[in-house]
Every structure is written in structure tokens, then in C-alpha cells.
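Descriptive analysis of the structure
For reference, the chains in residue letters:
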Amino acid sequence: MIKSISISQLVSQGEGNIVSDMDGEKVMLSIHNGKYYNLGELGGEIWEKIKEPVSIQNLVDQLVAEYDVELATCKEQVILFLTLLIDEGLVKVEGEKAS
């Protein structure tokens, strides 16, 4: 389990997840742990943006450009969301580790 992540790290979708759209929200079934997850609308948007490895900073920058949200708030919420996904084994994180 990763305690913290760095904005400079790369994040990407983990393998073994089946994702579907339901009324504008993404839902996911993890083959590995047999759990269902509702990513919601914005979580689904983030999920789509991490199909290929992307730096968390780049992900935050994309969301700030697309949505009416302050940089600090977006960064905080994205890191919180990704940390939950990491803890569940749903995404991969690469690159420089947070100290």
C-alpha cells in the first residue's frame, strides 16, 4: 500500500478491470478482487485520461483547463481519488516516489 504519492509520478489504469458506462457514470468490476466500484462522472473522466501513463501533474493541468476548479483544490482531490484507487489495486503508479 502506498502511503503518499507525488505529483510528478506517472499513473495509469491497472489491468483486470471491466469498466462500463451507466447513466453517464463509470462503473468498474475488478477481476482481481471481485468488487464493484462506482467511479462517478468525474472519476470516470479521470479513468479515461489515465489509459496511458500520465503524470499526475499533467492530469491535474488537464482537469483545471476543462473544469471551473482552482488548481490547489483539483490537485488535492485528484491525489485523494488516485490514492483510493491505488489502495484498491486499480491503478499503477510509476516514477519518483514521494519522500
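One can find the structure itself at the top, above this paragraph.
Described below are features of the structure shown in this document. As the structure is a prediction and not an experimental result, all values here were calculated from the model.

1. Let's talk about the packing of helix H1 (residues 40–49) against helix H2 (residues 56–66)
Taken N-terminus to C-terminus, the directions of H1 and H2 make an angle of 130°; their axes are 11 Å apart at the nearest point. Between H1 and H2, the angle falls in the class oblique. The interaxial crossing formed by H1 with H2 has right-handed handedness. Contacts between H1 and H2 involve Leu42, Glu45, Ile46 and Lys49 from the first element and Leu59, Gln62, Leu63 and Glu66 from the second. Partitioned by chemical class, the residues of the contact of H1 with H2 number four nonpolar, one polar and three charged.

2. Things to note about the nonpolar core
Val11, Ile56, Leu59, Val78 and Leu82 are the most contacted members of the largest nonpolar core, which totals 23 residues. Listed by contribution, the elements that provide at least two residues to this core are strand S4 (36–39), H1, H2, helix H3 (71–87) and strand S6 (91–94). The greatest single-element share of this core, amounting to six residues, is contributed by H3. Ignoring any residue separated from it by four or fewer positions in sequence, one finds leucine 59 in contact with Ile46, Lys49, Ile50, Val54, Val78 and Leu82.

3. Looking at the sheet that holds strand S5 (residues 54–55)
Ordered in space as S5-S1-S6, the three strands form an open sheet in which the pairing is antiparallel. Each of the sheet's edge strands pairs with one partner strand only, and the pair in question is S5 and S6. Inspection of the sheet shows strand S1 (residues 10–13) paired to S6 by four bridges, in the antiparallel sense. Residue pairing in the sheet places serine 12 in a bridge with lysine 92 of S6.

4. A few points about the environment of glutamine 77
Position of glutamine 77 relative to the elements: it lies in helix H3. Between the alpha carbons of glutamine 77 and valine 60 there is a distance of 9.4 Å; along the sequence they are 17 residues apart.

5. Digging into the pairing of S1
Bridge count for S1 against S5 is two bridges, and the pairing is antiparallel. Opposite valine 11, over in S5, you have valine 54 as the bridge partner.

6. Concerning unusual backbone geometry
Positive phi, normally seen in glycine, also occurs at aspartate 23, with a value near 55°. Among the secondary structure elements, aspartate 23 is positioned in the loop between strand S2 (17–22) and strand S3 (25–30).

7. A few points about the pairing of S3
Relative to S3, S2 runs antiparallel, the two sharing six bridges. Directly across from asparagine 17, in S3, lies its bridge partner serine 30. Taking the residues that link successive antiparallel strands as the turn, the S2-S3 hairpin has two residues, and the phi of aspartate 23 there is positive, at about 55°. Where S3 meets S4, three bridges bridge the pair, whose relative direction is antiparallel. Bridging from a neighbouring strand, methionine 28 pairs with tyrosine 37 of S4. Counted along the chain from S3 to the antiparallel partner S4, the turn is five residues long, and its residue glycine 34 has a positive phi close to 70°.

Thresholds applied
Starting afresh in each chain, residues are numbered from 1 along the sequence in its written order. The predicted nature of this model means local features are confined to residues of pLDDT at least 70 and side-chain atom pairs, given and counted, to a pLDDT of 80 or more, with totals for whole chains, interfaces and linings taken over all residues. Working from all heavy atoms in the structure, the side-chain values ignore hydrogens and water. For helices, the fitted line uses only the C-alpha atoms of the stretch in contact; every axis is such a line through C-alpha atoms, and the angle between N-to-C directions lies from 0 to 180 degrees. Helical segments are the DSSP runs of H or I of at least four residues, strand segments are the runs of E of at least two, and each set is numbered from the N terminus. Roughly parallel means an angle under 35 degrees; roughly antiparallel, over 145; roughly perpendicular, 65 to 115; everything else is oblique. Whether a crossing is left-handed or right-handed is set by the direction in which the near helix is turned from the far one by less than a right angle, anticlockwise for left-handed and clockwise for right-handed. Residue contacts follow a heavy-atom distance rule, with two residues in contact if any of their heavy atoms lie within 4.5 Å. All amino acids are sorted into three groups, where Ala, Val, Leu, Ile, Met, Phe, Trp, Tyr, Cys and Pro are nonpolar, Asp, Glu, Lys and Arg are charged, and the leftover types, Gly among them, are polar. Side-chain atoms within 4.5 Å link the members of a nonpolar core, which is a set of buried Ala, Val, Leu, Ile, Met, Phe, Trp, Tyr and Cys residues. To sort residues, take the accessible area from a 1.4 Å probe on protein chains only and compare it with the maximum for the residue type: under 20% means buried, over 50% means exposed, and anything in between is partly exposed. Strands pair, by our definition, only if DSSP identifies at least two bridges between them.

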